[in-house]
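Geometric and topological summary
Listed below, chain by chain, are the residues.
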Amino acid sequence: MEQTDIDEGLYSRQLYVLGHDAMRSMGKTNVLISGMKGLGVEVAKNVVLAGVGSVTIQDQGSAEWTDLSSQFYLRESDLGENRALCSEKALARLNSHVRVSACTEALNQDFLRNFQVVVLTDSSLEEQRWVGAFCHTNNIRFIVADTKGLCGQLFCDFGEAFEVRDSDGESPHSAMITHISKENPGIVSCTDEQAHEFTDGMQVTFSGVQGMTELNSCGPIEIKRIGSYSFSICDTSHFSEYEKAGVVTEVKQSKTLSFLPLDAALEEVVRDLDLLVLNDYGKVEKHQNLHFGFRALHEFKQKHGRLPKPRNQTDAELLVAMAKQFSTAANFDKFDEDFVRKLSLVAAGDLAPVNAFIGGLAAQEVMKACTGKFTPLKQWFYFDALECLPDQEDSGLLTEEACAPRSSRYDGQVAVFGADFQEKIKKQRYFLVGAGAIGCELLKNFALIGLGAGEGGHITVTDMDSIERSNLNRQFLFRSEDIGRQKSEAAAEAVKKMNPSVNISAHQNRVCPESEGIYTHQFYSGLDGVAAALDNVDARVYLDGRCVQYQRPMLEGGTLGSKGHTLVVVPHLTESYGPASSSGQKAIPLCTLKHFPHRIEHTLQWARDQFEGLFKHSAENVNQYLSDPEFWARTVARGEVEVLEGVYASLKDRPLDWTECVAWARIQWESLYNNHIAQLLHCFPPNHVTSSGLPFWMGAKRCPHPLTFDPANTTHMDFVVAAANLYGQIYGIEGSRDREGIQKILNGVRLPEFAPKSSVKIAVTDEELAESKEERKEEDKAKLEELKQKLSRLQLPSQNFRMVPLEFEKDDDSNFHMDYIVAASNLRAENYDIPAADRHKSKLIAGRIIPAIATTTAAVAGLMCLELYKLVQGHRRISSFRVAYVNMAVQYYVLSQPGRAPTFTVAGKQFSLWDEFLVRGREDGREEMTVEKLLKHIKDHHSLTVTGLYYGPAVLYADYCDHADRLKQRVSDLVRAVTKTELPAQQQMLEMIPSFAEDEDCEKVPPIRYLFR
């Protein structure tokens, strides 16, 4: 199967998680998923979205009321109908590349032979045993997934010898070399730009080494770590002397795993904890107890033909006795009766969030089984969220009667939390920000659990984006006919079909300062909580700030490929999301981009900057110059001479036809890949040494070489074709893909003569760059006057002449954008002997794509909704809440308590970030209070004397200044006067920071939140 056979437009984000080889393997795999209740359909949904060859769903059962609490493809009209048949069409519509079929017969061995992966959900232990034994013998990957109320179970058996081709999916580590010693063993030293990430036993290869070239042709070499910047390799004493350069790169090693069949693993997991993958580390013994609890549930169902009834104490004692027998037989001495009793009381429940989490994990294991990509579960995983249940003092409200079925779509949830809780959750008012991948999963869960589905309840969802084809691979509420529609509208429609009772409205607003007229104090005050399904840190920080300001809880989650996290923010209990961390991705120094790249990321960022400068900013600047009389003065005030030079060049040298566009592109090529490099080498020759006597070109500084244009070289021509077409587009000139015709034009292009100049100074650091700009100020003034004269003399083709700025769009392969980026970057990489990147990798880096996969999204949304249960019930113990960090590629699941809100002291009183001094500036429609009255209010109500009042950087009042007149002013009038800005009509609250006479040295104080409208 060729790479082109993969639908990259659909699978683009998933390809960055799995890779092309894994996708091809999946495309050949036939998967059976048995059981189409809530868990089964969750697994099937994720597996179909992933793009396996075929999925067969099998179920002999008919839809019941309890199924509707988590089976999102069943409707009330389907009650009594076969679950697999009811789900088949909806699953098939998720992905046209996957064959989906339904089976309503019992499983048998001949049928199982048709599949490479078999998943059992909602199955008896007897069925698990015989299917597991058959699959193990016939090398069929076997997975068991099960959920019971707030608990879940997962088991994998991938056979005697399962090859894992890539254990973690991470990019191979690499480092730049500064020296290699000639000894036994040879010592490799790396640049001190950042510590290398190699570990003992890793295999590496070398490339681009000069001098000791023997290493470039060696196969993988095992290393031993010495320190953060060095490691040892093989005997290099017989090799040539090392001169310079070189990159060392990790070689990913495959490994073979052996799995126990289910029968053996059932017993062995008690003796060998390595067979149990842990998640919530405070629950290790509880999860061992779950192993016996689930076995007891199978026995209970076999004896009684049903699960224990909700909240039935007699059934609970029977189950405890059964589980205790299993634990005694296994010599397990940490049996927890109370824990197993809780399992019994909720086991009849069927919860969408638990199914979403376990279903996401199970589907990821299916993908591992298909591909050998990532480390599979070895072999048991247990999960419980029993902390979602009411606190001990409230648990008496959950009686057998309160949790009994009511022939309602929420019966599966009522069985766990009771009827009163169901009424409460239906009245909740929530604000969901983001209707992308996590947003779709959250909305699905919200509809199933009944959030906002009752009188007074409501969900507001906002997302400003429209649906693109690449969204369909993981944003499962959307179909191909929705492409181009607003995400929030399509998602709201989809969940109304899942649960017609849901009250939901769709907005298309960005949540930011500009939309505070819509999302006002009144809006937030009417909410019970906020859910953040955002894809960038800045938006999360802003929304978190609003939740702190308006004292509202927030559920937050995010994913990056197979990694995911969740956070719950609870007012007056936990810490908040907080300000953006400074540990994010560092900006690449300008001098590195301009002259000294040494990684493909540098050349790609340079290419992206070239695109923005040549095809977007230049056109925007010209249009502003032509339409905005203030543009010249504004640009001059900022000292941006280059911008004005660009405007002049864009107008003076505008092309008249396609031939001139091709000529421009060829001259650009020569300038970027030959002339600029020749000038750099003229300033810093290959043998140049620094003032301290060290070679200039060493370490992270790679010595470049100029390129010579060759029309027979595909990359050279790729650049010219893309650049010429893009240049034509900004001037409204029609382009061409005819390479023969372009080559004919190239034959007639005359290149300007070039010779390096000794007068040119090239900055080596960003500091030098800033200094040279400062030094040029006088020179620039003269240039500006000259430019003004030149621009005034230019003749425009018409008064209405405008250029067409291009917005970079990575997902349209016909627009030349990525063609340009790939060619421009790889040519620069060739200048500096940096290994080139293919289009796929280039798109990831230059397009700043976030790798994404449906399985992680489903799991994260499930965990977020478990925290929602706790918020709705009003849990106040921090031990009840969980934050989660998962990496499904390597079986890393950490659930832990959130951090407490940090406290600080002011005048002997303790406060946290949740505390505030809330002041209503207009009581009972009276006139707004003055600053003097505000200060008196704080003194009267909080016994604190305000000595200073600050609004952002503005000083509103300070007792050490002559501000007596300010005391008589209305607070909002003073803010207007001091800031010299009008307050937006929609603004209702002013947030001011006070200082107090009682504690003038305190670094942190609660804000005064002043409602003036």
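Here the structure is shown first, and the text comes after it.
Structural notes, computed from the coordinates. (Residues numbered from 1 in each chain as written. Predicted model: local features only at pLDDT ≥ 70, side-chain atom pairs only at ≥ 80, totals over all residues. Heavy atoms only, no water.)

Our focus in this paragraph is the pairing of strand S21 (residues 529-532). Regular strands have side chains that alternate between both faces of the sheet. Burial of the side chains of S21 extends over both faces: Gly529 and Ala531 are buried on one face and Val530 and Ala532 on the other. In the sheet, strand S18 (residues 429-433) pairs with S21 via four bridges, with the strands oriented parallel. The residue of S21 that forms the bridge with Val433 is Ala532. Bridge analysis of S21 against strand S22 (residues 554-560) gives three bridges, and the strand direction is parallel. Pairing of Ala532 across the sheet is with Glu556, part of S22. Remark: the S21/helix H17 (residues 537-549)/S22 crossover connection has right-handed handedness. (Buried < 20%, exposed > 50% of the residue type's maximum accessible area, 1.4 Å probe, protein only. Helix = DSSP H or I, 4+ residues; strand = E, 2+ residues; numbered from the N terminus. Pairing = 2+ DSSP bridges. Right-handed = clockwise from strand over helix to strand, strands pointing away.)

Now for empty space enclosed by the protein. In this structure the tally under the stated criterion is three cavities of 30 Å³ or more. A volume near 60 Å³ is recorded for the largest cavity. Surrounding the largest cavity, Phe383, Ala385, Glu387, Thr566, Leu863, Leu866, Glu867, Lys870, Arg882, Val883, Ala884 and Leu895 form its lining. Counting residues per element, the ones that place at least two in the lining of the largest cavity are helix H29 (854-873) and strand S24 (883-887). Per-element accounting of the lining of the largest cavity gives the leading share, four residues, to H29. Looking at the lining of the largest cavity residue by residue, the classes come out as seven nonpolar, one polar and four charged. Considering only enclosed or pocket space, the second largest cavity measures out at about 50 Å³ in volume. What lines the second largest cavity is simply Val269, Val270, Leu276, His287, Gln288, His291, Phe292 and Tyr382. (1 Å grid on protein atoms, 1.4 Å probe; cavity = no way out; pocket = protein on both sides within 12 Å on 5 of 7 lines; lining within 4 Å. Points joined across faces, edges and corners; volume = space filled by probe spheres on them. Nonpolar A, V, L, I, M, F, W, Y, C, P; charged D, E, K, R; others polar.)

What follows deals with the side chain of Asn815. Along the chain, the position of Asn815 falls in the loop between helix H26 (777-793) and helix H27 (817-831). The exposure class assigned to Asn815 is buried, which follows from its relative accessible area of 12%. A polar contact of 3.1 Å, which involves the side chain of Asn815, links it to the backbone oxygen of Glu809. Setting aside residues up to four positions removed in sequence, Asn815 forms contacts with Leu726, Gln729 and Glu809. (Polar contact = N/O pair within 3.5 Å; in protein donor to acceptor, adjacent residues only side chain to side chain. Contact = heavy atoms within 4.5 Å.)

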